[in-house]
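Coordinate inspection notes
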Amino acid sequence: MTPWNELVRPSLIGVEPYRPGPSIDELKERYGLEEIAKLNWNEGLLGSFPGVEDAVARELERAWMYPEHAYTDFREAVASWLVTEPERIVPGHGIQALIATVAHAFLDPGQTVVVPSPTYGLYAQVSEAAGARVERVPGRDHRHDVEALVDASHRTGARLVWLCDPNNPTGSLLTSAEWQTLLENLPERCAVVVDEAYVEYARPELRLRREQDVAAGRPVIVLRTFSKIFGLAGLRLGYAVVDESLAPFLDVVQEPFNVNRAALAAGCASLRHADLVDARRLENEAARETLARLLRDQGLDPVPSEANFLLVDVQADDLAVAKALLRRGLLVRPGQDFGMRGYLRITIGPQPLMERLAAELAHARDELQAAEAVG
């Protein structure tokens, strides 16, 4: 047998791949369910924007062609929406692919990256796979600790600071003052990579226009996605906003034309209806506040969120509560996946679904408490 573990890069040994777990169909069969409300991965539950399906269908006629012109159209559409230059837009096969691209463009074995905790796990995974050392920095009160991030970046001579804002899984958003503190106190030869996957859900007056920091030549890389508010998670479409001089280096690392025609067409079609983004934000905000209120009525304390999910301490075994909800056809994310025992992360959906979720959560907690009392 070929000893593949001796042939692959040493930095890959011990790094665990992402394991998505059972599929929805497998879970339906296992629990005897006809339907499952998928509230565990923060997809945009409202689906794609008008015109997307037609745009994708038309593009399939050109499936035999590489999407060279489609890249140009997409860059121009995104740049027009953000009011920046097309040369600063680097399309990617979802934010996940762009995270890997950035890591392999910047990191050599032995270098250090700073990663807040808790946050999206892929930043640490791809950095470790590149041979870098990960310095984890705990947050405070479910928020990024900016001063600690600055201190860690200087103490370790970090090459990158990874930042999810709004943060996954907490939903917290940096203030303008916090962002300026971080940006103005980075060490030399250190860049901050900001994953803004959920930024369209945040209130406009709280959003930070980091594309302007890019335009000003600051050491900032912004990552965005069409997976969330635009409802295109299944097509895997994202982009980076970077300085024009950095874009060619990222294109060297990622393979040419790594985004397919259908995804690019869907992105352009979505942006032709960008006026719907705010309507979706408001719908998400109303449903999120409904869920938060119902959770508070149960004596729980959900973490304030500017994203399309809520994190809440359910005051019980999160795995047991998540399993009890799954039996009721509601799939949520247990906090132990993020090292947060006792918490659940719940994707926001239509208000009736949030009302159902809150009611079923109360029943599940009551049943578990009764079982513990008997036991």
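Residues numbered from 1 in each chain as written. Predicted model: local features only at pLDDT ≥ 70, side-chain atom pairs only at ≥ 80, totals over all residues. Heavy atoms only, no water.

**Focus on the sheet that holds strand 10 (residues 330–334)**
- The strand order across the open sheet built from four strands is 1-10-11-9, with neighbouring strands paired in mixed fashion. One side of each edge strand has no neighbouring strand; the edge strands of this open sheet are strand 1 (37–39) and strand 9 (309–313). Pairs of neighbouring strands in the sheet enclose a mean axial angle of 30 degrees, with direction left out of account.
- Bridge analysis of strand 1 against strand 10 gives three bridges, and the strand direction is parallel. Residue pairing across strands places Leu-39 opposite Val-332, the latter belonging to strand 10.
- Relative to strand 9, helix 12 (residues 276–297) is tilted by about 10 degrees, and along the sheet it contacts strand 9 and strand 11 (343–347).
- Along the sheet face, helix 14 (residues 351–374) touches strand 1, strand 10 and strand 11 and points at about 70 degrees away from the line of strand 10. (Pairing = 2+ DSSP bridges. Helix = DSSP H or I, 4+ residues; strand = E, 2+ residues; numbered from the N terminus. Axes fitted to C-alpha atoms, helices over the stretch in contact; angles between N-to-C directions. Contact = heavy atoms within 4.5 Å.)

**Section: the nonpolar core**
- Ranked by size, the top nonpolar core spans 83 residues in total, and within it Leu-160, Trp-162, Trp-179, Leu-182, Val-192 and Phe-226 carry the most contacts.
- Not counting chain neighbours up to four residues away, the residues in contact with Phe-226 comprise Phe-74, Val-78, Gly-231, Leu-232, Ala-233, Leu-237, Tyr-239, Gly-267, Ser-270 and Leu-271. (Core = buried A, V, L, I, M, F, W, Y, C linked by side-chain atoms within 4.5 Å. Buried < 20%, exposed > 50% of the residue type's maximum accessible area, 1.4 Å probe, protein only.)

**Structural notes on the packing of aromatic side chains**
- Applying the stated criterion across every chain yields a total of eleven aromatic pairs.
- Between the aromatic rings of Tyr-120 and Tyr-123, the centroid separation amounts to 5.5 Å while the plane-to-plane angle is 85 degrees, which identifies the pairing as edge-to-face.
- Through a chain of ring-to-ring contacts, the aromatic side chains of Phe-49, Phe-74, Trp-81, Phe-226, Phe-230 and Tyr-239 assemble into a single cluster.
- Sitting above the plane of the Phe-309 ring, Arg-345 keeps its charged end 5.7 Å from the centroid. (Phe/Tyr/Trp six-rings, centres within 6.5 Å; stacked < 30°, edge-to-face > 60°. Lys NZ or Arg CZ within 6 Å of the ring centre and 35° of its normal.)

Keep in mind these numbers describe shape, not what the thing actually does.
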